[in-house]
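Coordinates in review
Spelled out from the first residue to the last, the chains are:
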Amino acid sequence: PVADYVKATIDTIIKIHENEPFGDILAFLTSQEEILSALDTLEQYAKENNDKNVYRKTFPSGVSAADVSVLPMYGSLPYYRQIKVFQTGGRNVRKVILATNIAETSVTIHGVVYVVDCGFHKLPHFDPAVGVESVSVCPLARHNATQRAGRAGRTGRGRCYRLYTEEDHDNLPESVPPEMCRSDLSAMFLQLKALGIHNLLRFSFPTPPPAKSVLSSLETLYALKAIDKEGNLTECGTKMAEMPLKPMLAKMLCDSDEFGCIDEMLSIVSMLQVDGVFTKHGTGRENIAARVSRRNNFEVAEGDIIMYLNIMDSYLKIRADNDKKTKKACKDWCQRMFINYRVMEKAVEIRNSLEKLVKDKFQLKNKEYEGPDLGSGKCIRIMKAVLSGLFPQAAHLTPDNMYRGVRGAALHISPDSCLYHVQQPKWVVFASVQSSGDKIFMREMMVIEKQWLLEIAPHYYKET
């Protein structure tokens, strides 16, 4: 057993490099943050190792000295950097790949002879007390451990180094709990209702989900007015069921015509469908430049959700030129602003398909408002439209400087949020959460006024 699996992974990689015959190394870590911290240490080691190799032929163990090239591999990594993992290294250069479980089943990397398995992975699970799915680090199952070991020596003999004891391995669960038991079921229940299956409590699921999750999901659908008191689909619920979105986001789109901001809601919802909008860098000058660029160009006092709207608006303006240079202009802009081009293209694709659904099929039209349609008046309407879907995920600041969710969960502002460095607002809503250690962090946040909750969801909130 090891006290710090990131440090132990780094030490194991160095030991393999200096004591084992030539062959690439694949190390599994749980997240982008862990990969970037290990990358910093290993790049420093690689530089020293490669400089010394000019003067030596072998290591003290007798193994011939090779250079090291360290490569990260995770989902939000730009494409041109992901592709480096699959390219064959130079002569006498050992590749060290630091990957999340994206390399467990999704891709096969040739030339890997050694695997280092930290014994943990990230797993999404739904917590009815918070009301949203969060992702937390937990021990993997025996099936995953076997899958990881199988990555070693796909083309020849290989070895897997596990950073945990055999006894721990034998005590691991056989497989990960079914997704059915750890997911938010509200979207699936909405689909079942739309298919004409009404008695959900008696439905014979292959693996019955926890009763708490079932009740929490039905409560959410009732609060969003997707189902009525009898549990039948409402007109709004029928539209929501047709949208390939979580019910809260679908509700935002359904109500956007009332607030006169359909286009803005399309942008916000499609940006909330993608992850990793900003490209992340390790430490140093690039990281500081990325933060300054984000703060100066996009961050706003209203929070992350309005910041995403600004990013999408800026991107669509550049894309609207419609000439052959558009792709290059978009890529250049993304590189300048430290934004992930592939993620933005994905968001635009989602936006276009939702626009067809909302404007062509549902025939939604913006309600007319008097006076000039811009400035703070328009912004408040956009924020209220967001709140019309996210109101069950509101949180307020308590006297002990911590946030409490409506259902009583203790919450904190994520360090990634643009509200992290400003004075803490009294009331906020959030679109997702992330668990880290024993804390739950709110992500994709927006500042709200207390009275908006009473105005938009009087059936859900009462002033006490």
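Above this text sits the structure in question.
Residues numbered from 1 in each chain as written. Predicted model: local features only at pLDDT ≥ 70, side-chain atom pairs only at ≥ 80, totals over all residues. Heavy atoms only, no water.

Structural notes on the overall build of the protein
Stated precisely, the cut-off is as follows: Helical segments are the DSSP runs of H or I of at least four residues, strand segments are the runs of E of at least two, and each set is numbered from the N terminus. The reference for a compact globule is 2.2 Å times residues^0.38; the radius of gyration itself is calculated from the C-alpha atoms. The contact definition used throughout considers only heavy atoms, calling two residues in contact when any of these lie within 4.5 Å. With residues, only the protein chains shown are counted as cover, and all accessible areas are computed by Shrake-Rupley using a 1.4 Å probe. The sign given to each residue is positive for Lys and Arg and negative for Asp and Glu; His and the chain ends receive no count. Working definition for charges: the position is that of NZ of Lys, CZ of Arg, CG of Asp or CD of Glu.
Tallying secondary structure elements over the protein gives 17 helices and twelve strands in all. For the protein, the C-alpha radius of gyration of 25 Å lies close to 23 Å, the compact-globule estimate for 464 residues. With respect to the three principal axes, the spread of C-alpha positions in the protein is 80 × 55 × 45 Å. Across the protein, every contact between residues at least 6 apart in sequence was considered, and the portion connecting residues at least 24 apart equals 69%. In the form shown here, the protein has an accessible surface area of approximately 23800 Å², with 52% of it arising from carbon and sulfur atoms. Of the charged side chains in the protein, 59 are positive and 56 negative; the average position of the first set lies 4 Å away from that of the second.

Section: the packing of helix α11 (residues 262-272) against helix α15 (residues 341-361)
The condition that has to hold: A fitted line through C-alpha atoms represents every axis, and for helices the fit uses only the stretch in contact; the resulting angles, taken between N-to-C directions, go from 0 to 180 degrees. When describing relative orientation, an angle under 35 degrees is termed roughly parallel and one over 145 degrees roughly antiparallel, while 65 to 115 degrees is termed roughly perpendicular and anything else oblique. For a crossing to be left-handed, the near helix must be turned anticlockwise from the far one by less than a right angle; the clockwise case is right-handed. Classification convention: Asp, Glu, Lys, Arg as charged; Ala, Val, Leu, Ile, Met, Phe, Trp, Tyr, Cys, Pro as nonpolar; all other residues, Gly among them, as polar.
Following both chains from N to C, one finds α11 and α15 inclined at 135°, their axes separated by 8 Å at the closest point. Comparing their axes, α15 and α11 come out oblique. As α11 packs across α15, the resulting crossing turns out to be right-handed. Within the contact between the two elements, α11 uses I262, D263, L266, S267, V269, S270 and M271 and α15 uses M344, A347, I350, R351, L354, E355, V358 and K359. Of the residues that constitute the contact of α11 with α15, the class distribution is nine nonpolar, two polar and four charged.

With respect to the nonpolar core
Heads up, the condition is: Among buried residues, those of type Ala, Val, Leu, Ile, Met, Phe, Trp, Tyr and Cys that are joined through side-chain atoms within 4.5 Å constitute a nonpolar core. The cut-offs for exposure are 20% and 50% of the maximum accessible area for each residue type, with area from a 1.4 Å probe on protein chains only; residues under the lower value are buried, those over the upper are exposed, and the others partly exposed.
Within the largest apolar cluster, 82 residues are counted, with the highest numbers of intra-cluster contacts made by V277, I311 and I339. In this structure, I311 is in contact with M271, V277, F278, F298, W333, I339 and M344, ignoring residues within four places of it in sequence. A46, V68, V96 and C118 belong to the second largest nonpolar core, which has 26 residues in total.

What to know about the sheet that holds strand β2 (residues 67-73)
Condition: Strands are labelled as partners when DSSP assigns at least two bridges between them.
Taken in spatial order, the five strands of this open sheet run β2-β3-β1-β4-β7, and their pairing is parallel. Two strands in the sheet have a free side with no partner beyond their single neighbour: β2 and β7 (159-162). Neighbour to neighbour, the strand axes of the sheet diverge by 20° on average, direction disregarded. For strand β1 (residues 24-28) and strand β3 (residues 93-99), the ladder comprises four bridges, and the chain directions are parallel. Counted as the bridge partner of I25 is V96 from β3.

Re the pairing of strand β12 (residues 439-448)
Where a strand is regular, its side chains alternate between the two sheet faces. The buried count for β12 comes to eight of ten residues, which makes it a mostly enclosed element. For strand β10 (residues 410-413) and β12, the ladder comprises two bridges, and the chain directions are parallel. Along β12, the bridge assignment pairs H412 with F441. As judged from the nine bridges shared by strand β11 (residues 427-436) and β12, these two strands associate in the antiparallel manner. Paired with V433 across the two strands is M442, which belongs to β12.

Side note on the packing of aromatic side chains
Definition in use: The criterion for an aromatic pair is that two Phe, Tyr or Trp rings (for Trp, the six-membered ring) have centres within 6.5 Å, with stacked assigned to planes under 30 degrees apart, edge-to-face to planes over 60 apart and tilted to the rest.
Considering all chains together, one arrives at eight aromatic pairs under this definition. Aromatic pair Y5 and F120: ring centres 4.9 Å apart, planes at 25°, arrangement stacked. You can see Y5 sitting in helix α1 (residues 5-19) and its partner F120 sitting in strand β5 (residues 120-127), a full 115 residues away along the chain. Look at Y5 and you get buried, because its relative accessible area is 15%.

Description of helix α9 (residues 235-242)
Residues spaced three or four apart along an α-helix point in a common direction, a consequence of the helix completing one turn every 3.6 residues. Operational definition: Our arc is simply the arc of the directions from the helix axis toward the C-beta atoms.
Within the sequence span of α9, burial applies to C236, G237, M240 and A241. Projection of α9 onto a plane perpendicular to its axis shows the buried side chains occupying an angular sector of 140°, all on one side. Check the buried side of α9 and you find it contacts α7 (186-194) and α10 (247-255).

Remarks on the environment of K327
Mapped onto the elements, K327 comes out in helix α14 (residues 326-337). With 14 residues separating them along the chain, K327 and Y341 place their C-alpha atoms 9.7 Å apart.

With respect to the pattern of salt bridges
Which entries qualify depends on this criterion: Salt bridges, as used here, are contacts in which a Lys or Arg side-chain nitrogen is within 4 Å of a carboxyl oxygen on Asp or Glu.
This structure, assessed with the given rule, holds 19 salt bridges. Note that R159 is salt-bridged to E20, the shortest N-O span being 3.0 Å. Of this pair, R159 sits in strand β7 while E20 sits in the loop between α1 and β1, and the two are 139 residues apart along the sequence. We classify E20 as buried; its relative accessible area is 17%. Between K328 and D332 there is a salt bridge whose closest N-O contact spans 2.9 Å. Here the residue K328 and the residue D332 both occupy positions in helix α14, the gap between them amounting to four residues, near one helical turn. D332 gets classed as partly exposed once you look at its relative accessible area, which sits at 30%. Among the charged side chains, a salt-bridge network with shared partners connects D263, R351, E355 and K359.

On their own, these measurements won't tell you what the molecule is for.
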